[in-house]
Amino acid sequence: GTTLKAAAAEKGRYFGAAVATGKLSTSAYTTILNREFNSVVAENEMKWDATEPQQGQFNYGGGDRLVSHAQANGMSVRGHALLWYQQQPGWAQGMSGSALRNAAINHVTQVATHFRGKIHSWDVVNEAFADGGSGARRDSNLQRTGNDWIEAAFRAARAADPGAKLCYNDYNTDGINAKSTGIYNMVRDFKSRGVPIDCVGFQSHLGTSLAGDYQANLQRFADLGVDVQITELDVMTGGNQATIYGSVTRACLAVSRCTGITTWGVRDCDSWRGSDNALLFDCNGNKKAAYTAVLDALNAG
Ligand code: G3I
């Protein structure tokens, strides 16, 4: 294949990008998006603060705009994210207990129902595990409503949109470590008890090296019976940026249940990482060495 999406499709994978919907009217941006990517995820527009700014008052404008663009251009949509401890609307930040639990589950139900049939995979819960060595859940207002909040969210999402794949998504899970093992244990428990979970997203916001057991970590999750995806890939600039991008791509291709890769933005200047120049296209839209490393890895073998 001569584009990311074509080369990925030849291997049965998708290749996606996070999109800021406000940029869809910038032709230099959309030209690259439409040429290279066949999956999109909203960088911010489907988050809780964006979709329910006042309790019970929903705003789907940005999300709908992205879905329309995707449908017009043959792209699938990843939904991000139904529940997360960050980017909650102010009204939810101040809530606790059963009021927050009910509001959160209602949010899941309403948003998943609105987009029913249009989302390939939902990040139902994002970043619920703590950093560091505990392997435990992160403290948050949601966690303080009870440890079962995650499974309640997955059950509500399944009921609202039975056709969407339901994912758990997190970062610093790029190898076998305490955090990824905590998530692994949760997924194993969910599978054993029939809690509906279909996939695990590995954000993969990477620095200047890649864990040697990156692929082995993806594989151990796949072996639990879930799909895995690289969901927010970006890599710090350094001598080995292209090498790391190539290694991540090869790791995904080596795991049969790794169904796709998403980069967290299109051009370096679109990235939340700013001066890290962490993406595959420079600010003028030119393909970087990292692009070639990904394309070559997709086309190999
Ligand atoms: O929308 C407001 C705008 O009205 C206001 O004028 C402006 C002033 O700061 O802020 C705008 O909101 C910003 C929003 O991006 C949209 O641009 C927020 O301040 C800013 O915090 C927000 O950052 C996003 C961040 O998530 C929030 O935590 C980034 O764009 C987005 O790339 C980032 O994405 C996350 C994933 O969702 C989860 N994984 C990590 C990843 C990187 O942090």
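Before any of the text, the structure's been laid out above.
Residues numbered from 1 in each chain as written. Predicted model: local features only at pLDDT ≥ 70, side-chain atom pairs only at ≥ 80, totals over all residues. Heavy atoms only, no water.

Peer 1: Can you tell me about the overall build of the chain, naming the residues and giving the values?
Peer 2: Helix and strand counts for the chain stand at 11 helices and nine strands. For 301 residues, the compact-globule formula gives about 19 Å, and the C-alpha radius of gyration of the chain, at 18 Å, lands near that figure. Counting only C-alpha atoms, the chain reaches 50 × 40 × 35 Å along its principal axes. Evaluated residue by residue, the chain yields a buried proportion of 57% over its 301 residues. On the chain, roughly 11000 Å² of surface is accessible, and the fraction owed to carbon and sulfur atoms is 47%. When the 28 basic and 28 acidic side-chain charges of the chain are each reduced to a single mean position, those positions are 4 Å apart. (Helix = DSSP H or I, 4+ residues; strand = E, 2+ residues; numbered from the N terminus. Rg over C-alpha atoms; globule rule 2.2 N^0.38 Å. Buried < 20%, exposed > 50% of the residue type's maximum accessible area, 1.4 Å probe, protein only. Areas by Shrake-Rupley, 256 points an atom, 1.4 Å probe, with all protein chains shown as cover. Lys, Arg positive; Asp, Glu negative; His and termini not counted. Charge placed at Lys NZ, Arg CZ, Asp CG, Glu CD.)

Peer 1: Please set out the site of the ligand residue by residue, giving values where relevant.
Peer 2: Around the ligand there are 14 residues in total, and Glu43, Lys47, His80, Gln87 and Glu232 lie nearest to it. In this structure, His80 approaches the ligand through a side-chain N or O atom, which is 2.7 Å from an oxygen atom. In the model, a nitrogen atom of the ligand is placed 3.1 Å from a nitrogen or oxygen of the Gln203 side chain. For the ligand, whose accessible area on its own is 790 Å², the fraction buried by protein is 47%. Grouping the amino acids of the shell around the ligand by side-chain chemistry returns three nonpolar, seven polar and four charged. (Near = heavy atom within 4 Å. Polar contact = N/O pair within 3.5 Å; in protein donor to acceptor, adjacent residues only side chain to side chain. Nonpolar A, V, L, I, M, F, W, Y, C, P; charged D, E, K, R; others polar.)

Peer 1: Pulling in residues and values, what's your account of the state of the cysteines?
Peer 2: All told, the structure shown has three disulfides when counted by the stated rule. The disulfide bridge from Cys167 ends at Cys199, spanning 2.0 Å between sulfur atoms. Its S-S torsion of about -85 degrees marks the bond between Cys167 and Cys199 as left-handed, since a negative value means left-handed. Taken together, the residues span a long stretch of sequence, with Cys167 in strand β5 (residues 165-170) and Cys199 in strand β6 (residues 199-202) at a distance of 32 residues. Of the two residues examined, Cys167 and Cys199, each falls in the buried class. Covalent S-S linkage joins Cys252 and Cys258, the inter-sulfur distance amounting to 2.0 Å. (Disulfide = S-S within 2.5 Å.)

Peer 1: Account for the pairing of strand β8 (residues 227-235), with residues named and values stated.
Peer 2: Along any regular strand, the residues point their side chains to alternate faces of the sheet. The element β8 is extensively covered by neighbouring structure, given that nine of its nine residues are classed as buried. The pairing of strand β7 (residues 205-206) with β8 spans two bridges and is classified as parallel. Bridged to His205 within β8 is Asp234. In this structure, β8 lies alongside strand β9 (residues 258-263), joined through four bridges in parallel fashion. For Leu233, the partnering residue across the bridge sits in β9 and is Thr263. Read from β8 through helix α10 (residues 241-254) to β9, the crossover connection turns out right-handed. (Pairing = 2+ DSSP bridges. Right-handed = clockwise from strand over helix to strand, strands pointing away.)

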